[in-house]
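A look at the structure
Next come the chains, spelled out residue by residue.
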Amino acid sequence: MLSNSLVSRESFVMKTVAIENLTQKQDELVDAAIAVLETAYNPYSRYFVGAAVLTRSGAVFSASNVENAGYGSTICAERMAIGKANSSGARDIIAIAVTGRSDNFEKSEITAGPCGSCRQVIYEFSQVSGCDIEVILATADKANVAVTTIEELLPYAFGPKQLQMNISKYS
Ligand code: THU
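Describing the packing of helix α2 (residues 77-87) against helix α3 (residues 116-129)
The contact between α2 and α3 brings their axes to 9 Å, and the two run at 25 degrees. Taken together, the axis directions place α2 and α3 in an arrangement best described as roughly parallel. Every pair of crossing elements has a handedness; the one defined by α2 and α3 is left-handed. Residues E78, R79, I82 and N86 of α2 form the contact with α3, whose own contacting residues are S117, C118, V121, I122 and F125. Each residue belonging to the contact of α2 with α3 can be placed in one class, and the counts come to five nonpolar, two polar and two charged.

Here is the structure:
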């Protein structure tokens, strides 16, 4: 690391939360993500991801990952859930829970964090809702849970502001 780096190591430490310390709403969102995990269409990776988004009005939309023989055409669970919320007329997203597990290895203690593309999409919707979307990462057995936010996961993000775009009519 360059000596004048502004990035401190501490910022990468995952803050884990004991399940009993989650709010009821956070816990329900994790459960909604877990509930769709097994619906993943994942013949290629056998990796299961469930995501559930919460809108400001309290609605929950959940989805799993959908893979494709053209690997690059795979759609992650997070983007499926956000698309589902949007096409249901709800895009004021304030939180998202993500969970994952694999058929290829024993249960992991590592929570599944959203991939880079999903972080970018979550960031876009944080600009629509006008709030730093809470991101709850949980192992499928809820033994490990971390609570963070999209601005923490994607600092110095590129968004509508960089394009001097006014997206307020989409809120
Ligand atoms: N996956 C997600 O659904 N979300 C992520 O943020 C990371 C990866 C899916 C895509 C693919 O179906 C499988 O997990 C393995 O990459």
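Topic: the pattern of salt bridges
A complete count under the given rule lists six salt bridges for this structure. Here E28 ties to K25 by a salt bridge, and the two come within 3.6 Å at their closest N and O atoms. One end of the pair, E28, and the other, K25, are both in helix α1 (residues 24-36), three residues apart, so they sit about a helical turn from each other. By relative accessible area, E28 is classed as partly exposed at 37%. On the basis of relative accessibility, which here comes to 38%, the residue K25 falls in the partly exposed class. In this structure, D103 and R46 form a salt bridge, with 2.7 Å as the shortest nitrogen-oxygen distance. Remark: R46 occurs in the loop between α1 and β2 (47-55) and D103 occurs in the loop between β4 (93-102) and α3; sequence separation between them is 57 residues. For D103, a relative accessible area of 38% corresponds to the partly exposed category. Its relative accessible area of 33% is what places R46 among the partly exposed residues. Look at the salt bridges and you will find they share partners, linking E38, R46, R101 and D103 into a network.

What about the site of the ligand?
Taken together, S45, Y47, V49, N65, E67, T74, C76, A77, E78, G113, P114 and C115 are the residues near the ligand. One nitrogen or oxygen atom from the side chain of E78 is found 2.7 Å from an oxygen atom belonging to the ligand. With the chains in place, 77% of the 370 Å² that the ligand exposes on its own is no longer accessible. Counting only elements with at least two residues in the shell around the ligand, the list comes to β2 and α2. The residue inventory of the shell around the ligand, partitioned by class, reads six nonpolar, four polar and two charged.

A look at the side chain of Q127
Mapped onto the elements of the fold, Q127 is located in helix α3. Judged by relative accessible area, which is 16%, Q127 ranks as buried. Polar side-chain contacts of Q127 include one of 3.2 Å to the side chain of S126. The contact partners of Q127, leaving out residues within four places of it in the chain, are P160, K161 and I167.

Some details on the sheet that holds strand β5 (residues 134-139)
Strand order in the open sheet made by the six strands is β1-β6-β5-β4-β2-β3, with mixed pairing throughout. Single-partner strands in this sheet number two, and they are β1 (16-17) and β3 (60-64). Here β2 pairs with β4 via nine bridges, running antiparallel. If you follow G50 over to β4, its bridge partner there is T99.

Criteria and thresholds
Residues numbered from 1 in each chain as written. Predicted model: local features only at pLDDT ≥ 70, side-chain atom pairs only at ≥ 80, totals over all residues. Heavy atoms only, no water. Axes fitted to C-alpha atoms, helices over the stretch in contact; angles between N-to-C directions. Helix = DSSP H or I, 4+ residues; strand = E, 2+ residues; numbered from the N terminus. Parallel < 35°, antiparallel > 145°, perpendicular 65-115°, else oblique. Left-handed = near helix turned anticlockwise from the far one by under 90°. Contact = heavy atoms within 4.5 Å. Nonpolar A, V, L, I, M, F, W, Y, C, P; charged D, E, K, R; others polar. Salt bridge = Lys/Arg side-chain N within 4 Å of Asp/Glu carboxyl O. Buried < 20%, exposed > 50% of the residue type's maximum accessible area, 1.4 Å probe, protein only. Near = heavy atom within 4 Å. Polar contact = N/O pair within 3.5 Å; in protein donor to acceptor, adjacent residues only side chain to side chain. Areas by Shrake-Rupley, 256 points an atom, 1.4 Å probe, with all protein chains shown as cover. Pairing = 2+ DSSP bridges.

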